[in-house]
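Okay, here's what each chain looks like letter by letter:
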Amino acid sequence: MEIVHVYTKDREEFGRQCLLWDRPTELLADILPDQNLASNFIQRNHRDQAVQAGRQVSEHQVNTERFESDSHGVNHVEGGWPKDINPLDMEQTIRFRKKAEKDESYLNSIQQLGSVTEYCSRQNNAVDIYQEPFDGWEEVEESPEPPSAKTINVFRDPNEVRRTVTGLSWHPDGGRKLAAAYSCLDFQKTSRDMSLDSYIWDVENPNRPELILKPASPLVCLDYNPKDPHTLVGGSYNGQIVYWDTRRGSQPVELSSVEHSHRDPVYKIIWLQSKTGTDAFSASTDGQVLWWDARRLSEPTERLVLDPTREGNLDRALGAISLEFEATMPTKFMVGTEQGLVVSCNRKAKTPTEKIVCTYDGHHGPVYALQRNPFFPKNFLTVGDWTARIWSEDIKESSIMCTKYQMSYLTDACWSPVRPSVFFTLKMDGMLEVWDILFKQSDPMLSLKVCDRALYSLRVQDNGRLVACGSQQGETTLLEICSELSTLQKNDKSLLATMFERETKREKILEARQREIRLKERSRSEQSREEEIGREDGEDDPDQLITRAESDFYSQVEAELKRRERREEEALREKDVCEEKEVNDEEEAGRNETSS
Amino acid sequence: MAEVEETLKRIQGQKGVQGIIIVNSEGIPVKTTLDNSSTVQYAGLIHQLVMKARSTVRDIDPQNDLTFLRVRSKKNEIMIAPDKDYFLIVIQNPSD
C-alpha cells in the first residue's frame, strides 16, 4: 500500500516568511509487521566463508627455440706491450726486458716469490703426487641391480594418417641409422590420403627423418644390405620388390616388374650371402619364395612354391609370413607360414621336390617371427599365437621349450646378438618382454609397457644394447637395455649348450615313447580288424571316426567322474575315520577325568 | 741482480723443474728459460687465469688475497706465485 502525504501550498504564500511553531510529533502512519508474511521466508544457516586477499601468481614454462652455440678458443698472443714498443721488433723487446729487470720492485718481488716457489717445488719432490693410492686392491663387485630398460628416443610418423611400423632394419655399420617401413596391414582399411613414404631415421635426431623413401606402394618390410650400407631392398604391399641406393635419393633405383613379383604383400625380405653381394630373397602369403638379383629386378632368379605335398601346386601352397636366413649356413633357410608350420628348406637341392626338407608343426596361428640363435644355429625361436617356442632342428615333432600362454598375442621376437640366452618378444597390448632362459623359464626377466597400442616390429642393434620397436600408431621407440642383459657372462654359452642338449634329449625320449605307443596300438587294431569279418578295408569314414571319437570321449569322461567319486568317497571315509577318532579321544578324555 | 739470478738458478736446479717464466703485470714475459712460443702461450693463458683466481678470492672475502696457485695436471704441475707487479711461473714434473 502506498503511503502518500500530500503537501499543498497556495501560490500566494510562496515567498512569505516561514512561520515555525513547536508542535508535538504526529504519527502519520504506523505499519506493524505482518507475521503471516514471515512464513514465506526461511532463516538460512550460518556459513563460514574464507576470503583471502593474496597476490595472484602463476607459473609458466617456456621452451625456447634451440640456441646454437659454438665453442671457440681465443689465443692470446703477446701481452700488453706499451704503445711505443713494436712487439715484433726483437731489439726493442730485448731492451725493454733488460730495463724491466733492472727495476727495484722486480728484484724484491722475485726474491720473495722465489723462496715461496722453491718451498712448493721441494714439497713436490718430497711427496710423489702422482702415486696410485689403491693400486693392487681387488675390484669390488657391483651389487646386481634389477634389470631395467630406458627409453631413449621416440620417432613419430610425421603424417596425419598414422600407419603401423611393419618393418625395421638397423644400419649395418655401427647402427646410427634406423630404417622403418610403414604400411597399413588392416584389411581394406587404407585410406586414400595415407602417405606411401617410409623413413630412415638418424638415431640422434627424432624430429625429422634423415631420408624419405618414396615407393609406389607402401612398404611392408625392408632390409639394409650388410655388405653395402648404402643400399636397401624393400618389399611392398602390392608384391613388388624395390631397390634403393641412399646416395641416389628418395626415389627407388629399381622396381621389380609386377607380373613376376608376388601376388600378395611381401612380408619379409632378406639379403643373402653371395659373391656379388646383391642377392636377396623374399616371401609372401601367396605361397612363393622368390630369389632376386638386385641388379636385375625385372625377373626373379629362382622360385619356390611352398607346397607341403611337394608338387609345386600354387593352390595348395602355404602362405609365408616370415623368413629366416643365417649367414653361417648359406644353403639352408626356413620359412614361417600363416598356417602355423615352419618349413625348412635347402636351397641347393637338385629337384624342386627336394627343396622342402621338413616341416615343424608349431603354432595355432601364423608364425610371425622366426630366428636362429646366433650362437647355437641348431636351435631356433618361433613366435606365433600366444606363445614363444624354442626348437631344435633335429626334433620335428614339437618344440623343446615353450613359454606359457600369454594374455595377449605375440607379434614379434628376436634373439639378443650378444647374450645367447636372452630374447625379446613383443605383444599386442604394447608390452616388450625380455626373457632369459638361463635364469627363469616361466616368466620374462623384464616386462615393459612401451605404449598403449599394439607393437608390431622389433629389431635389436648389433651391440645388443639398443632395441627399436615399432607400434601400430607409427611410433618407433628406441630403448636401451641395462648392461646386465646385454653383456656376455662367463658361463653363458656352456650353460645354454647343456640346457639345449637336455631339452632335446627329453623331447627325443618322449618322441620315441610316443612312437612305441602308436606302434602298439596299430598292431592291436590290425589284429582286431583281421578278426572281424565284413569290415571295410581302407580309410575310415568320417562319420565312423566321429562316432568313435564320441564314444572315446564319453568313456573317458565317465572314467574321470568315477575316479572323482571314488576320491570323494575316500575323503569322506577318511573324515569319518578322523571324526571317530576324535570322538574316541573325547570319550577317553572324559573317562580319564572321571577316573581321576 | 745477482741474487735474482741465483734464486732462479736454484729453482731451475730443483728436481723435475722444466722451466721458469717471469711475467709482468701487463702480461709481457720478462724472463724465461723456455722457448719463445711456449713462453708466449703460457704467459697469455696464465695471466688470465691468475686474474680470475685473484678476483674470485677477493670477491669471497675482500680482505683476502691470492698467495699461490697450483695447477696439477696429468703430466706436470704449474706453480704460479703472484705479486703486485709480477708473477713467477714454474713448471715442474715431480715424479722424475
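Note that this is a predicted model, so its numbers are computed, not measured.

*Asks:* Would you mind going over the sheet that holds strand E3 (residues 69–72) of chain B with me for this structure?
*Replies:* What links the strands of a sheet is backbone hydrogen bonding, and the strands pair in either a parallel or an antiparallel sense. Pairing is antiparallel in the open sheet, where five strands are placed in the order E2-E1-E5-E4-E3 (chain B). Strands with a single pairing partner mark the edges of an open sheet, and in this sheet they are strand E2 (29–32) and E3 of chain B. For this sheet, the mean inter-axis angle between neighbouring strands, taken without regard to orientation, is 15°. As judged from the four bridges shared by E3 of chain B and strand E4 (residues 77–82) of chain B, these two strands associate in the antiparallel manner. Paired with Arg-72 of chain B across the strands is Glu-77 of chain B, a residue of E4 of chain B. Sheet contacts for helix H3 (residues 104–126) of chain A: strand E1 (17–24), E2, E3, E4 and strand E5 (86–92) of chain B; angle to E5 of chain B, the most-contacted strand, approximately 25°. Its contacts with the sheet put helix H1 (residues 2–13) of chain B on E1, E2 and E5 of chain B, and the angle it makes with E1 of chain B is roughly 145°.

*Asks:* What exactly am I supposed to notice about the packing of aromatic side chains here?
*Replies:* Centre-to-centre distance and the angle between the planes together describe a pair of aromatic rings. Residue and element names in this part refer to chain A. Under the counting rule described, the total for this entry stands at 18 aromatic pairs over all chains. Aromatic side chains Tyr-182 and Tyr-199 sit 5.4 Å apart centroid to centroid with 70° between the ring planes, which places their arrangement in the edge-to-face category. Separated by 17 residues along the polypeptide, Tyr-182 in strand E3 (residues 177–183) and Tyr-199 in strand E4 (residues 198–202) bring together distant segments of the chain. Residue Tyr-199 is classed as buried on the basis of its relative accessible area, which comes to 3%. Taken together, a centroid distance of 6.2 Å and an interplanar angle of 5° make the contact between Phe-380 and Trp-391 stacked. Within this pair, whereas Phe-380 is found in strand E19 (residues 379–384), its partner Trp-391 is found in strand E20 (residues 387–392), the two being separated by eleven residues in sequence. Note on accessibility: Phe-380 and Trp-391 belong to one class, buried. Through a chain of ring-to-ring contacts, three or more aromatic side chains come together here, namely Phe-155, Tyr-182, Tyr-199 and Trp-201. The side chain of Lys-9 reaches across the aromatic face of Phe-14, ending 5.2 Å from its centre.

*Asks:* Just checking my understanding: could you explain the interface of chain B and chain A for this structure?
*Replies:* Many descriptions give the size of an interface as the accessible area lost when the pieces come together. Taken together, the contacts link 41 residues of chain B with 33 residues of chain A. Carbon and sulfur atoms supply 58% of the area that chain B and chain A bury against each other, a total of about 3,300 Å² over both sides. Among the residues chain B hides against chain A, the three largest losses belong to Ile-28, Val-30 and Tyr-86 of chain B. Together they make up 17% of the total. In this assembly, chain B and chain A are joined by one salt bridge. Here chain B and chain A share four residue pairs in polar contact (both at pLDDT 80 or more) between them. If you list the elements that add at least two residues to the side of chain B that touches chain A, you get H1, E1, E2, helix H2 (36–60), E3, E4 and E5 of chain B. The greatest single-element share of the side of chain B that touches chain A, amounting to six residues, is contributed by H1 of chain B.

*Asks:* It is not clear to me how the confidence of the model for chain A should be interpreted in this structure. Could you clarify?
*Replies:* Low-pLDDT portions of the prediction should not be read for the details of their coordinates. Residue and element names in this part refer to chain A. On average, residues of chain A score 81 in pLDDT, and 87% of them reach the 70 mark or higher. Predicted confidence in chain A is weakest over helix H4 (residues 352–355), with a mean pLDDT of 68, and strongest over strand E23 (residues 422–427), with 89. In this model residues 533–539 is a low-confidence stretch, pLDDT under 50, and it forms zero contacts with partners more than four residues away in sequence or in other chains.

*Asks:* Explanation requested: unusual backbone geometry in the structure shown.
*Replies:* Positive phi values are uncommon outside glycine, yet Asp-385 of chain A reaches one of about 40°. Inspection of the secondary structure assignment puts Asp-385 of chain A in the loop between E19 and E20.

*Asks:* What is the right way to look at the environment of Leu-446 of chain A in this model?
*Replies:* Residue and element names in this part refer to chain A. Along the polypeptide, Leu-446 turns up in strand E25 (residues 446–449). Measuring from C-alpha to C-alpha, the distance between Leu-446 and Ala-149 comes to 8.4 Å, with 297 residues separating the pair along the chain. Not counting chain neighbours up to four residues away, the residues in contact with Leu-446 comprise Pro-147, Ser-148, Ala-149, Leu-432, Glu-433 and Val-434.

*Asks:* In this structure, what is going on with the confidence of the model for chain B? I would like to understand it.
*Replies:* Mean pLDDT for chain B: 86, with 97% of residues reaching 70 or above. What the predictor reports for the complex is a pTM of 0.56 with an ipTM of 0.76.

*Asks:* How should the nonpolar core be read in this particular structure?
*Replies:* A general feature of soluble globular proteins is that nonpolar side chains tend to end up buried together. Residue and element names in this part refer to chain A. Membership of the largest hydrophobic core comes to 20 residues, with the highest contact counts inside it found for Phe-424, Leu-432, Leu-458 and Cys-469. Among the secondary structure elements, those contributing two or more residues to this core are E23, strand E24 (431–436), E25, strand E26 (455–460), strand E27 (466–471) and strand E28 (476–481). When near neighbours in sequence (up to four residues on either side) are disregarded, Cys-469 contacts Leu-168, Leu-426, Val-450, Leu-455, Ser-457, Leu-458, Glu-475, Thr-476, Thr-477 and Leu-479.

*Asks:* Which parts of the structure should I look at to understand a nonpolar patch on the surface?
*Replies:* A cluster of nonpolar residues, Phe-553, Tyr-554, Val-557 and Leu-561 of chain A, forms a patch on the protein surface that exposes about 400 Å² of accessible area. Relative to the helices and strands, Val-557 of chain A is located in helix H7 (residues 542–595).

The rules we used
All chains use their own residue numbering, which begins from 1 and follows the written sequence. Think of it this way: whatever chain is written first is A, whatever ligand is written first is 1, and the rest follow in order. For this predicted model, a pLDDT threshold of at least 70 governs which residues receive local features, and a threshold of 80 or more governs which side-chain atom pairs are given and counted, while totals over whole chains, interfaces and linings are taken from all residues. Processing note: side-chain calculations cover all non-hydrogen atoms of the structure and skip hydrogens and water entirely. Only strands that DSSP links by at least two bridges are regarded as paired with each other. The helix count covers DSSP runs of H or I at least four residues long, the strand count covers runs of E at least two residues long, and both are numbered beginning at the N terminus. Here, axes are lines fitted to C-alpha atoms. For helices the fit covers the stretch in contact, and angles between N-to-C directions go from 0 to 180 degrees. When checking whether two residues touch, look at their non-hydrogen atoms; a contact exists if any pair is within 4.5 Å. Only Phe, Tyr and Trp rings take part, Trp by its six-membered ring, and two of them pair if their centres are within 6.5 Å. Stacked means planes under 30 degrees apart, edge-to-face means over 60, and tilted covers everything else. Categorising residues by exposure relies on relative accessible area from a 1.4 Å probe, with only protein chains included: less than 20% of the type maximum marks a residue as buried, more than 50% marks it as exposed, and the intermediate range marks it as partly exposed. To sit over a ring, a charge needs its Lys NZ or Arg CZ within 6 Å of the ring centre and within 35 degrees of the ring normal. Two parts placed together each lose some accessible area; with a 1.4 Å probe, that loss summed over both constitutes the buried area. Criterion for a salt bridge: a side-chain nitrogen of Lys or Arg within 4 Å of a carboxyl oxygen of Asp or Glu. Under this definition, polar contacts are N or O atom pairs within 3.5 Å; protein pairs additionally need one hydrogen-donor-capable and one acceptor-capable atom, and for neighbouring residues in sequence, both atoms have to be side-chain atoms. Scored from 0 to 100, pLDDT reflects the predictor's confidence in each residue. Throughout this description, the term nonpolar core refers to a set of buried Ala, Val, Leu, Ile, Met, Phe, Trp, Tyr and Cys residues connected via side-chain atoms within 4.5 Å. Patch definition: residues with relative accessible area over 30% and no salt bridge; like charges joined within 9 Å; nonpolar side chains (Val, Leu, Ile, Met, Phe, Trp, Tyr) joined within 5 Å. Each accessible area is a Shrake-Rupley result for a 1.4 Å probe, and residues are judged covered by the shown protein chains and nothing else.

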